[in-house]
Amino acid sequence: MEAEEADVIILWGSNAREAHPIYFHHVLKAIHNGARLFVVDPRKTASAQWADTWLGLDVGTDIALANTIAREIIHAGLANVDFINRATSGFDEYANSVEPFTLEEGERLTSVPAALIRSLAHKYAKADRAQLCWTLGITEHHNGTDNVFALINLALLTGHVGKFGSGIVPLRGQNNVQGGGDMGALPNKLPGFQDIETDIQARLRFETKWGTNIPAKRGWHLSQMFDAMERGELRSLYVIGENPAQSEANVSHAVKLLEGLEHLVVQDIFLTKTAELATVVLPASANWVESEGTVTSSERRVQRVRKALDPPGNARDDIGIVCDIARRLGHDWGNPTAEEVWDELRSLSPIHAGMSYKRLEELGGIQWPCRDENDPGSLFLHGRLWAEPVEGPLAPFTPVEFVPAIDTLSEEFPIRLTTGRRLDSFNTGVQSGGFTSPLRKPETLNLSPEDMEKYGLVSGEIVSISSRRGTIQAPVLLDQTLRPGLAFMTFHFPDEVDTNALTIDAWDPKSGTSEFKATAIRIDKIMKPASETKSNAKAEAMA
């Protein structure tokens, strides 16, 4: 694991200790080997407690911080000029764009002390091997794509990309989410990340193979689908392995739109809240144990998955379900095996062409791109940037503008709520809620000691929590990792505490991801009825 041999690791918007614990074990080994860990996060998370330096920025100020780091690297003469000149484009425009972000201005915008920003900038730029990791704390914002560009700019500025021990590392939020994107589960991409609008030759290959015309226009992403439901343009929905009735931001509005559909089909291994709304439920297989196939990790490594059990009852393999639906719609695809489906994919996706089942088994997995049967795969996705001359296009710098969170704080909603995960649970709890854990505790609204005192609260007290979209109730918990004005909740227990009734459905126009991480809320004490108050007082007196 390359992380173990890095000199500097930055976890930015990532509480890997709880959300990616296996990866974090490699980070701990790196620390043991002498690496310096920087954690950039509004909360002093379990990951931050292992860090040399914690940069506790205000929610939604990631671009301001990244631009400040960049300006400091440039002005300190620490930019990798050789790499910039030979492998990148657009540096001058980028350098001009970060010029206003002095250390002092960065501190004002982010609340991170200038000295800490300077320290991270210098240590990252001077490191021989440095990894910059992020996850949903960066992407679940109204400008999540620009947040990612801001971090990529730092990697290009220092040359920490495409070589051993150094790189940009998006830690994937769910199992095989990388594989889903690889297979074309994106509205603007065919399998293998071939652009549906601009790559005419790729589109023609798919049309020839599939015997049909493919629209030369991108489809809707999830947020656009909900907008289309509201306009009445989307009236039928097919949901596979997803639970939007509990996972969407502003979830009460999302459920209303789902309920208004003319036809809803859900294919899943659990009867989720979304499935309960469905016209038709198709019981599917658990892909990790009841199906043949492949899975792709965050490092692009494709590995085989082997069937160990038959699906129970009337549950069926997903491929069989989809092929039967196609047959009912007038297209007989036969009864292909998982390997036959994979081989068709390999014939159409150049980056997967050399990954036969046999080679995947012999090599224990292969990292794409792997373009033929003699290709060992690609350890470094961007290693081409170090070739002489550079192979393919230059890597572009992308200037990005700092824009604060959409859901502004106000006198009525003065507290910033951010959401995240806990170690023992997963997403909306559909999978993890079926078993007990000694670590699991009921959902709480976590508040700083200062805010607990300000509102006159004690841990365990039930409060009313309101945003501009809804109101819920939850017990409060004193949390030493939080600063005044910052609250934290998870979305693991929506049946008891529906956190997403509060979150805002403003979304990133480039990715479609909603701004789960930045909600403005207020807290109100729940006044007990007079009869209950008298009863409690009498009981206390008798005690």
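Thresholds applied
- In every chain, residue numbers begin from 1 and rise along the written sequence.
- Selection of residues for local features in this predicted model requires a pLDDT of at least 70, selection of side-chain atom pairs for listing and counting requires 80 or more, and totals for whole chains, interfaces and linings are taken over all residues.
- Excluding hydrogens and water, the side-chain figures rest on all heavy atoms present in the structure.
- A helix here means a DSSP run of H or I that spans at least four residues, while a strand means a run of E at least two residues long, and both kinds are numbered starting from the N terminus.
- As defined in this context, the radius of gyration uses C-alpha atoms, and a globule is described by 2.2 Å times the residue total to the power 0.38.
- Only protein chains enter the accessibility calculation, which uses a 1.4 Å probe; a residue whose area is less than 20% of its type maximum is buried, one above 50% is exposed, and one in between is partly exposed.
- Throughout, a residue-residue contact means that at least one pair of heavy atoms, one from each residue, lies within 4.5 Å.
- In these tables, accessible area is a Shrake-Rupley quantity obtained with a 1.4 Å probe, and a residue counts as shielded only by the protein chains included in the view.
- For this count, His and the chain ends are skipped, Lys and Arg are scored as positive, and Asp and Glu as negative.
- Charged groups are reduced to one reference atom each: NZ for lysine, CZ for arginine, CG for aspartic acid, CD for glutamic acid.
- To form a nonpolar core, buried Ala, Val, Leu, Ile, Met, Phe, Trp, Tyr and Cys residues must be joined to one another through side-chain atoms within 4.5 Å.
- One requirement defines pairing of two strands: DSSP has to find at least two bridges between them.
- Angles shown run from 0 to 180 degrees and are taken between the N-to-C directions of axes, each axis being a line fitted to C-alpha atoms and, for helices, limited to the stretch in contact.
- Relative orientations are named as follows: roughly parallel for angles under 35 degrees, roughly antiparallel for angles over 145 degrees, roughly perpendicular for angles from 65 to 115 degrees, and oblique for any other angle.
- By definition, turning the near helix anticlockwise from the far helix through less than a right angle yields a left-handed crossing, and turning it clockwise yields a right-handed one.
- Residues were grouped as follows: Ala, Val, Leu, Ile, Met, Phe, Trp, Tyr, Cys and Pro as nonpolar; Asp, Glu, Lys and Arg as charged; and all remaining residues, including Gly, as polar.
- By the criterion applied in these results, polar contacts are pairs of N or O atoms within 3.5 Å in which, for protein atoms, one can donate a hydrogen and the other can accept it, and in which residues neighboring in sequence qualify only through two side-chain atoms.

Enquirer: Report on the overall build of the protein chain, specifying residues and quantitative values.
Expert: Of the regular secondary structure elements, the protein chain holds 21 helices and 21 strands. For the protein chain, whose C-alpha radius of gyration is 25 Å, the value lies close to the compact-globule estimate of 24 Å for 543 residues. In terms of overall dimensions, the protein chain has a C-alpha envelope of 80 × 65 × 45 Å along the principal axes. Among the 543 residues that make up the protein chain, the fraction classed as buried is 50%. Of the contacts made within the protein chain by residues no fewer than 6 positions apart, 67% connect residues no fewer than 24 positions apart. Carbon and sulfur atoms make up 53% of the accessible area of the protein chain, which totals about 26,000 Å². Here the protein chain carries 53 positive and 73 negative side-chain charges, and the mean point of each set is 2 Å from the other.

Enquirer: Tell me about the nonpolar core, and please be specific about residues and values.
Expert: By size, the foremost hydrophobic cluster in this structure holds 49 residues, and its most contacted members are I10, W12, I69, Y124 and L154. Those residues in contact with L154, other than ones at most four positions away along the chain, are W12, A66, I69, A70, Y94, Y124 and L132. The next biggest cluster of nonpolar side chains, apart from the first, holds 19 residues, and it includes L445, L447, M452 and A474.

Enquirer: Which residues make up the sheet that holds strand 11 (residues 280-283), and what are the values?
Expert: Sheet strands pair by backbone hydrogen bonding; their relative direction is either parallel or antiparallel. Reading across the sheet, the three strands line up as 9-10-11 and stay open at both edges, with parallel pairing between neighbours. The open sheet has two edge strands with one neighbour each: strand 9 (236-240) and strand 11. Put simply, the sheet's adjacent strands are angled 10° from each other on average, direction ignored. Against the sheet, helix 17 (residues 318-328) touches strand 9, strand 10 (263-268) and strand 11, its axis set at about 160° to strand 9.

Enquirer: Could you give an account of the packing of helix 3 (residues 62-75) against helix 7 (residues 114-126), with specific residues and numbers?
Expert: Helix 7 packs onto helix 3 with a crossing angle of 60° between their chain directions and a minimal axis gap of 9 Å. Here helix 7 runs oblique to helix 3, going by the angle between their axes. Between helix 3 and helix 7 the crossing geometry is right-handed. Across from L65, T68, I69, E72 and I73 in helix 3, the residues of helix 7 making contact are I117, R118, L120, A121, H122, Y124 and A125. For the contact of helix 3 with helix 7, a count of residues per class yields eight nonpolar, two polar and two charged.

Enquirer: Describe in detail the side chain of T481, supporting the description with residues and values.
Expert: For T481, the location among the structural elements is in the loop between strand 19 (471-478) and strand 20 (486-490). Residue classification places T481 among the buried residues on the basis of a relative accessible area of 18%. Here the side chain of T481 touches D479 through a polar contact of 2.7 Å, side chain to side chain. In contact with T481, other than residues within four places in its own chain, are R43, K44 and Q49.

Enquirer: Break down the pairing of strand 21 (residues 519-525) for me, with residues and values.
Expert: The pairing of strand 16 (residues 415-420) with strand 21 spans three bridges and is classified as antiparallel. Directly across from L417, in strand 21, lies its bridge partner T519. As paired elements, strand 18 (residues 462-466) and strand 21 share four bridges and run antiparallel to each other. Counterpart to V463 in the pairing with strand 21 is K525.

Enquirer: An account of the sheet that holds strand 13 (residues 301-305) is needed here, citing residue identities and associated values.
Expert: The antiparallel open sheet is built from three strands, whose spatial order is 12-13-14. Of all strands in the sheet, those with a lone pairing partner are strand 12 (293-296) and strand 14 (366-367), marking the two edges. Of the pairings in the sheet, the one linking strand 13 to strand 14 comprises two bridges and is antiparallel in character. By the bridge assignment for strand 14, V302 is matched with I366.

Geometric descriptors of this kind do not, in isolation, establish any biological role.
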